[in-house]
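The primary structure of each chain is shown beneath.
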Amino acid sequence: MTDLAIENISVLYADNVKGTASTPALDNINLRIKAGEFIVVLGASGCGKTTLLNVIAGFVRPSRGQVAKIVRQQDGRESRSILSGPGADRGVVFQKHALLPWLNVLDNVAFGLKLQGVGKSEREQIAHQCLVQVGLEGQERRAVYQLSGGMQQRVGIARALATDPELLLLDEPLGALDAFTRESLQELLLRLWYNRDKKQLLITHCVEEALFLASRLIIMAPNPGRISHQFELSFNREFLACGDARQIKSSSAFIEMRETVLKLIQSSQQTEGTL
Amino acid sequence: MNAPLHNNLHQKDTEPAEAPNKPDTMLEYARIKGAGNSRSGIVYSLISVAGLLGLWLAASELGWVRPLFLPSPLDVLQQLAHIADNGFAGASLAAHTGWSLFRVFGAFALAVVSAIPLGLLMGLNPVVRGLADPLIEFYRPLPPLAYLPLIIIWLGIDEVSKLTLIYLAMFAPLVLSARAGVRSVLPEQLHVAQSLGAGRRQQLLHIILPAALPEILTGMRIAIGFGWTTLVAAEMVAAQSGLGYMVLNASEFLNTDIVILGIVLIGAIALAFDYLMRLIERKLVPWKGR
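Okay, so let's go over this structure. Every chain is numbered independently, its residues counted from 1 as its sequence is written. Naming scheme: in the order in which they are written, chains are lettered from A and ligands are numbered from 1. The predicted origin of the model limits local features to residues at a pLDDT of at least 70 and limits the giving and counting of side-chain atom pairs to 80 or more, whereas totals for whole chains, interfaces and linings rest on all residues. The side-chain numbers reported here are obtained from all heavy atoms of the structure, hydrogens and water having been left aside.

**Describing the pattern of salt bridges**
Residue and element names in this part refer to chain B. Only one rule defines a salt bridge in this text: a Lys or Arg side-chain nitrogen within 4 Å of an Asp or Glu carboxyl oxygen. In this structure the tally under the stated criterion is 27 salt bridges over all chains. Ionic pairing is found between E281 and R221, a salt bridge with its closest N-O pair at 3.2 Å. On the criterion of sequence distance, the pair formed by E281 in helix α11 (residues 256-284) and R221 in helix α9 (residues 200-234) is long-range, its members being 60 residues apart. Think of it in three bands: residues with accessible area under 20% of the maximum for their type are buried, residues over 50% are exposed, and the middle band is partly exposed, with areas taken using a 1.4 Å probe on protein chains only. Exposure remark for E281: the relative accessible area of 9% places this residue in the buried category. For R221, a relative accessible area of 24% puts it in the partly exposed group. Via salt bridges that share partners, R221, D274, R278, E281 and K288 belong to a single interconnected network. Think of it this way: any DSSP run of H or I at least four residues long counts as a helix, any run of E at least two long counts as a strand, and we number them from the N terminus.

Laid out in structure tokens, this is it:
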């Protein structure tokens, strides 16, 4: 069982004007992503949630703190290794613009395996399986720029799956999609999480999406970027059991939770205003 | 190493809102409309060319303009037949054309293999960028005729100086295009490669080069155009043949029909090459502008 530990992470961007007090983009974040968790980070824009994802992915080097991979043994002992820089153990799905237009659908998905030196027939077979998983069977030879936004995002997800990462990082992957496509992809993300039984972390500013997907919800507040609240949720399990997203999302428990979370975010923004 | 795919709980979801060719922007709309209309595009091109030829024919044949200023297209055609048979100024038409092609494409090949690597390096490395940028930006706007005397003094009057002049005209736009190509790489695309474990070499090979290719191809089209515009200046230097030399030589004797013939030939070759480059673009970078 491997966990990912975010330990005392602070990020100060260097481009602050001299003399002005610099507000950290992230201030002393601690978070342990346990094996099998689906963490959703929710917050208004500017709260540092994308910075947090970039630190975990290794694209941004934190000013303080570290990201560590922690392997838990059967007997309860733990071995740690510090992660520096990006790696194939953390797959990333981006909001947009991240497919490579010079490769077709299959080659986009197989790209990571190609970089790792996996042979052509093997990587194409794995890529094909990943495309089946995201519902794009038969689209292998199409050009990615001819696909709709939702299908492009499915390719992005399949590509991240192909190298079978321990942690799937999703940076507002559904933000640019229309409501129908969004819902079907939310369900896809939940089924993938359930089937693969690996860690997922998704960033979003959509409260409903966050509640529906998360097994643990992290709410962030801005100035400085920090974790303000955490909730353990089970709407995702309920969906996987019943398969009816509308029933979950219109249940009174869901709506009540949505209002609670919205109020929390609102109040954290109001305190920001009085500062 | 790869594990996925146990049972598939997944069911194929339908996505009603995703019609594949939904025209959601003006550009998209223009593209969809344009896709069915490439034939009418050619029709309009033919209309404009035929219109110009008709006007030319009328102006010369109806005596609106004296033949010294504008000879009839029929005269120009006759000259073409004459020169094709008998040559002009001591060389055959094929030799004139061949030498000009050699000069322009020889210089082009040299410029491509030197300028594109330099441009890529400038895009990737701030030191190279800092070193090369002022030099290129200084000489780039200079008219080739201004430094032609220096090139003759330094390199003499044979082929080397002709090639050098054309080479220099092509070098700057190629460098700039390769550099701009590197800049056009999206950070997301580099992040994708990094998160999939790509090293610097793999990022260059699999992300930066293909991403820069559309800009580089555009730069090649611009550069070859600069090459043709510099051809006449280059063939001012003690040339014995070449289309530019043909034009210069004919102008001294006020052979306006041969001047026009030379211009039309240069233009036609340049146009043909540009169409070829567009075909190559469509083949190599079909995603451009998408």
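From this point, things continue past the structure.
**Observations concerning the sheet that holds strand β3 (residues 38-42) of chain A**
Pairing between sheet strands relies on hydrogen bonds along the backbone, with the strands arranged either parallel or antiparallel. Residues and elements named next belong to chain A. With mixed pairing, the six strands of this open sheet are ordered in space as β6-β7-β8-β3-β9-β10. The sheet terminates laterally at β6 (90-93) and β10 (226-232), the two strands that pair on one side only. For this sheet, the mean inter-axis angle between neighbouring strands, taken without regard to orientation, is 20 degrees. Two strands pair if DSSP finds at least two bridges between them. Working convention: axes come from line fits to C-alpha atoms, limited for helices to the stretch in contact. Angles between N-to-C directions cover 0 to 180 degrees.

**Some points on the packing of helix α2 (residues 105-115) of chain A against helix α4 (residues 149-162) of chain A**
All names here are of chain A. Where α2 contacts α4, the axes come no closer than 7 Å and their chain directions differ by 30 degrees. It follows that α2 is roughly parallel to α4 by the angle criterion. Of the two elements, α2 crosses α4, and the hand of that crossing is right-handed. Of α4, the residues touching α2 (which contributes V105, N108, V109 and L113) are V155, A158, R159 and A162. Throughout, the ten residues Ala, Val, Leu, Ile, Met, Phe, Trp, Tyr, Cys and Pro are labelled nonpolar, Asp, Glu, Lys and Arg are labelled charged, and all others, Gly among them, are labelled polar. Looking at the contact of α2 with α4 residue by residue, the classes come out as six nonpolar, one polar and one charged. Angle categories: roughly parallel below 35 degrees, roughly antiparallel above 145, roughly perpendicular from 65 to 115, and oblique for all the rest. Should the near helix be turned counterclockwise from the far one by less than a right angle, the crossing is left-handed, whereas a clockwise turn marks it as right-handed. Every residue pair with non-hydrogen atoms within 4.5 Å of one another is taken to be in contact.

**Topic: empty space enclosed by the protein**
The method works on a 1 Å grid over the protein atoms by themselves. A cavity is a set of points holding a 1.4 Å probe that cannot get out, a pocket is an open set with protein on both sides within 12 Å along at least five of seven lines, and residues with an atom within 4 Å of a point line them. Grid points are joined across faces, edges and corners, and a volume is the space filled by probe spheres set on the points. Using the criterion set out here, one finds two cavities of 30 Å³ or more in the structure. In this structure, the largest cavity occupies an estimated 40 Å³ of space. Around the largest cavity, the lining residues are A:V92, A:F94, A:R159, B:V192, B:S195 and B:L196. Taken together, the residues of the lining of the largest cavity break down into four nonpolar, one polar and one charged. Its volume calculated, the second largest cavity comes out at about 30 Å³. It is strand β1 (residues 2-11) of chain A that provides the largest number of residues to the lining of the second largest cavity, a total of three residues. Per-class residue counts for the lining of the second largest cavity are two nonpolar, one polar and six charged.

**Quick word on the environment of B:M236**
Residues and elements named next belong to chain B. Along the chain, the position of M236 falls in the loop between α9 and α10 (243-252). As for M236 and L248, which are separated by twelve residues in sequence, their C-alpha atoms are 7.5 Å apart. Sequence-distant contacts of M236, that is, excluding residues within four places in its chain, are made with L145 and L248.

**Considering helix α5 (residues 179-196) of chain A**
Residue and element names in this part refer to chain A. Along its 18 residues, α5 runs 26 Å from first to last C-alpha, staying within 8% of the 26 Å computed at 1.5 Å per residue. Among the 18 residues that make up α5, 14 are buried, leaving the element largely enclosed by the rest of the structure. By the criterion applied in these results, polar contacts are pairs of N or O atoms within 3.5 Å in which, for protein atoms, one can donate a hydrogen and the other can accept it, and in which residues neighboring in sequence qualify only through two side-chain atoms. One side-chain oxygen at the N-terminal end of α5 lies 3.3 Å from the backbone nitrogen of F180; it belongs to D178. Immediately downstream of α5, the backbone of D197 shows phi near 60 degrees, a positive value. Every helix has an expected span of 1.5 Å times one less than the residues it contains.

**Quick look at the nonpolar core**
We define the nonpolar core as a collection of buried residues of types Ala, Val, Leu, Ile, Met, Phe, Trp, Tyr and Cys that are connected through side-chain atoms lying within 4.5 Å of one another. Judged by nonpolar contacts, the single largest core of 99 residues is most densely connected at A:I6, A:L201 and B:M170. When residues of this core are assigned to their parent elements, the largest contribution, 13 residues, is made by α9(B).

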